Structure formats: C-alpha cells, structure tokens
Amino acid sequence: MRLPPPLAPGARVALVAPAGPLRGPDELERAVANARALGWEPTVGDNVLARHDYLGGSDSERLRDFNSALADDSVDAIWCVRGGYGAMRLLPHLDYASLSRRPRVLLGYSDVTALHSAIGTRCGLVTYHGPTAREKLTEFSRDSLVRAVIEGRDSLGETPMARSIRGGRARGRLVGGNLALLAALAGTPYAPDYRGALLVLEDVGEPAYRIDRMLTQLAHSGALDQIAGIVAGHFTETTPGHELSARSLDVILREAADVAGVPAIAGAPIGHIGEQWTLPLGAIAQLDASAPSLHVEAS
C-alpha cells in the first residue's frame, strides 16, 4: 500500500460532501476554519452546500466535486465535510486513474468508509479514517490527525479505556471503518481485502441485533476467516427501546473474535465521538489486546 505525501504548510485541501448534506453554512465555515488552523489552504467544492433529500446534492453534483478535486494536480488532499449516506452510490464512477497517478490524502469516517474501501482496493493507497472537516476538533483528535497526515508518524497508541475482548497480539494492515458500510460492500468489487487485516469497526444508531446481523454477514462472506485481529471503537446513539450496553456489545464482539480466532479490543477512540484517532487504513499496525494498545509501524 502506498502512502500519499504528507500535508505541508500551504497544502491545498479540497472540501467536498460525497455523502450527506451539511446542516448549513456555519458547518462549512467551521470546515474552512479547521483547514486553515492546520496550516492548509482550503478549496470548497461547488456543490458542497447542495441538498437532494438525504444526500449532499445529486449523485452527479457530488461526483463532480469529488472527481474535479482528483483531476486537479494542485490539490493535495480531499477532506470530506461529513458522513451520512451516499458515498457508495459514487463508487463505479470515481476517477481512480487520477488518484493512482497522483496519490493524495483522503480524510473522513462513517459513510466515507465506502471511499476508503474502494480506493484501497482499486488504487492500493493508504487513506485516513479520521474526523470530518465540519467537526469541532478536540486537542486529542487534532494531535492524532497532525501525527497521521502532517508528521507521518504513529497516530495511535495506548488506549487504557478500551476493553480487552480476546487477548493476544496481532500484526496486520488496518482495514475497515463503519460496520454498516462494510456489510453493505460485502460481495461487491469495492469490498476491502481482509487477508491478514486488523479489522477496524465502529457505528452509530445500531441496536445489538443489527450489529450481530452485520458481523454474521461478514462471517458468512468469509471476511472473518481472513483477519488477524479486531479493533472495535464506539457504537453510539442506539435506537430507543433497543439500547446497547457495553456488556451486550462485548458478547457480540467476543463471538466474532472467537469465530475468527483472533485477539480483539473494544472501546478504542474510533467512531462517532468527540475524541478520535486518525487511522491510516492500509498501513501496517500492531495490536496488543491485553495492554491494550495499537501502534502503526514506521513506513
């Protein structure tokens, strides 16, 4: 997997909305401010404030912004302004050739998982699972982001608040992201390569039975037979009447880890939370599920 060049001061960063819509101009203003605070020069997609029902504009509008950024050799990174839903609708039409020719940083999480997966599979490029541009960056999140895409060093580390689900150590490529998207991509040409991977998982608004169903789908697809470890983050904002306790989640994750026969942790700083890691998906990392800790190896 190739690493894109780190983002130096003055890097041009395209702000695009490939999935859901922003709530208003204030979120775009925050995204622009975040980019500038990191020393970058933001360039805003023409359709970033567009809205088409639950999507951030029509498919053609969202695709146009994304592919225009890829075709522009002066653009050093694409920072998705939010997740939501809609990125997987664009996958057959992305300009993978331009990204392969001129690698650059892709940053975001949640629905952006579809883009991470497809680009990793089609281009062999490391992408970054981290905060979207509209978010209020905490010191923790900002530090991990800087280490990942500016300094090019280990952006992860010890995670004492995480829970050891199944002990042991493992080494592999970081793969994954949002569980719902990984399940939706199973059996498609855009699914990630799970061979020897440390499977990263997070989600929002999902009750226990649906998390169980999606992990079972990954098991039936053969994905869990191939992985080296599981790194589960946070599963937040569950449905009223279907609240998800840490105990229930741990039982489900332990079953998946047992099926895979791999070490696993839960509660890592990943997901729809204020303080999150920026993970270089595709990079090699080492998991110690007993410590617990996760470290990216030097490239």
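Just above sits the structure.
Given the structure is predicted, the values throughout are model-derived calculations rather than measurements.

Undergrad: Teacher, can you tell me more about the overall build of the protein here?
TA: Secondary structure assignment for the protein yields eight helices and 14 strands. If you line up the protein on its principal axes, its C-alpha atoms span 45 × 40 × 35 Å. Burial analysis of the protein (299 residues in total) assigns 58% to the buried set. Residue pairs in contact within the protein that sit at least 24 positions apart in sequence constitute 80% of those at least 6 positions apart. Approximately 11,900 Å² of the protein is accessible, and the part contributed by carbon and sulfur atoms is 50%. For the protein, the separation between the mean place of its 29 positive charges and that of its 34 negative charges on side chains is 2 Å.

Undergrad: Would you mind showing me how to read the pairing of strand β13 (residues 284-288) here?
TA: The side chains of a regular strand alternate, first on one face of the sheet and then on the other. Pairing of strand β8 (residues 169-178) with β13 involves five bridges; the strand directions are antiparallel. The partner of R173 across the bridge, within β13, is I284. Here four bridges tie β13 to strand β14 (residues 293-296), and the two strands are oriented antiparallel to one another. Looking at β14, one finds that L287 is bridged to L294. Count of turn residues in the β13/β14 antiparallel hairpin: four residues.

Undergrad: Can you help me understand the sheet that holds strand β2 (residues 41-44) in this one?
TA: Strand pairing in a sheet is mediated by backbone hydrogen bonds. Such pairs are either parallel or antiparallel. With mixed pairing, six strands are arranged side by side in an open sheet as β2-β1-β3-β4-β5-β12. On the outer flanks of this sheet lie β2 and β12 (279-281), each paired with one strand and no other. Averaged over neighbouring strand pairs, the angle between their axes works out to 25 degrees when direction is ignored. Strands in contact with helix α4 (residues 113-123) are β3 (77-80), β4 (105-108), β5 (127-129) and β12; relative to β5, the strand with the most contacts, it is inclined by about 155 degrees.

Undergrad: Any chance you could explain the environment of D225 here in plain terms?
TA: Within the secondary structure layout, D225 lies in the loop between α7 (208-221) and β10 (229-236). Along the sequence, D225 and V262 sit 37 residues apart, while their C-alpha atoms lie 9.6 Å from each other.

Undergrad: Looking at this structure, how should I read the side chain of N67?
TA: Structurally, the position occupied by N67 is in helix α2 (residues 59-71). Residue classification places N67 among the buried positions, given a relative accessible area of 17%. A distance of 3.0 Å separates a polar side-chain atom of N67 from the backbone oxygen of H93. Filtering out sequence-adjacent residues up to four positions away, N67 remains in contact with H93, L94 and D95.

Undergrad: Is there a simple way to explain the environment of Q226 in this structure?
TA: Summarising the element assignment, Q226 is placed in the loop between α7 and β10. On the basis of relative accessible area, Q226 is assigned to the partly exposed category, the value being 33%. Residues Q226 and A77 lie 149 residues apart in sequence; the distance between their C-alpha atoms is 31 Å. Setting aside residues no more than four positions away along its own chain, Q226 makes contact with Y194, R195, G196 and A197.

Undergrad: How should I be thinking about the sheet that holds β8 in this particular structure?
TA: Strand order in the open sheet made by the eight strands is β6-β14-β13-β8-β9-β10-β11-β7, with mixed pairing throughout. In the strand order of this sheet, the two ends are held by β6 (157-158) and β7 (163-166), each with one partner. Alignment of β10 against strand β11 (residues 264-266), held across two bridges, turns out to be parallel. Pairing of I230 across the sheet is with A264, part of β11. Across the sheet, helix α8 (residues 246-260) touches β7, β9 (197-204), β10 and β11, and the angle it forms with β7 is around 40 degrees.

Undergrad: Help me understand the pattern of salt bridges, please; the structure alone is not making it clear to me.
TA: Where charged atoms from two side chains of opposite charge come close, those side chains can pair. Following the criterion strictly, the structure yields 16 salt bridges and no others. D143 is paired through a salt bridge with R147; the nearest N and O atoms lie 3.0 Å apart. With a gap of four residues between them, D143 and R147 both fall in helix α5 (residues 139-149), about one helical turn apart. For D143, a relative accessible area of 38% puts it in the partly exposed group. Sharing partners across several salt bridges, the network here consists of R23, E27 and R134.

What counts, and at which threshold
Residues numbered from 1 in each chain as written. Predicted model: local features only at pLDDT ≥ 70, side-chain atom pairs only at ≥ 80, totals over all residues. Heavy atoms only, no water. Helix = DSSP H or I, 4+ residues; strand = E, 2+ residues; numbered from the N terminus. Buried < 20%, exposed > 50% of the residue type's maximum accessible area, 1.4 Å probe, protein only. Contact = heavy atoms within 4.5 Å. Areas by Shrake-Rupley, 256 points an atom, 1.4 Å probe, with all protein chains shown as cover. Lys, Arg positive; Asp, Glu negative; His and termini not counted. Charge placed at Lys NZ, Arg CZ, Asp CG, Glu CD. Pairing = 2+ DSSP bridges. Axes fitted to C-alpha atoms, helices over the stretch in contact; angles between N-to-C directions. Polar contact = N/O pair within 3.5 Å; in protein donor to acceptor, adjacent residues only side chain to side chain. Salt bridge = Lys/Arg side-chain N within 4 Å of Asp/Glu carboxyl O.

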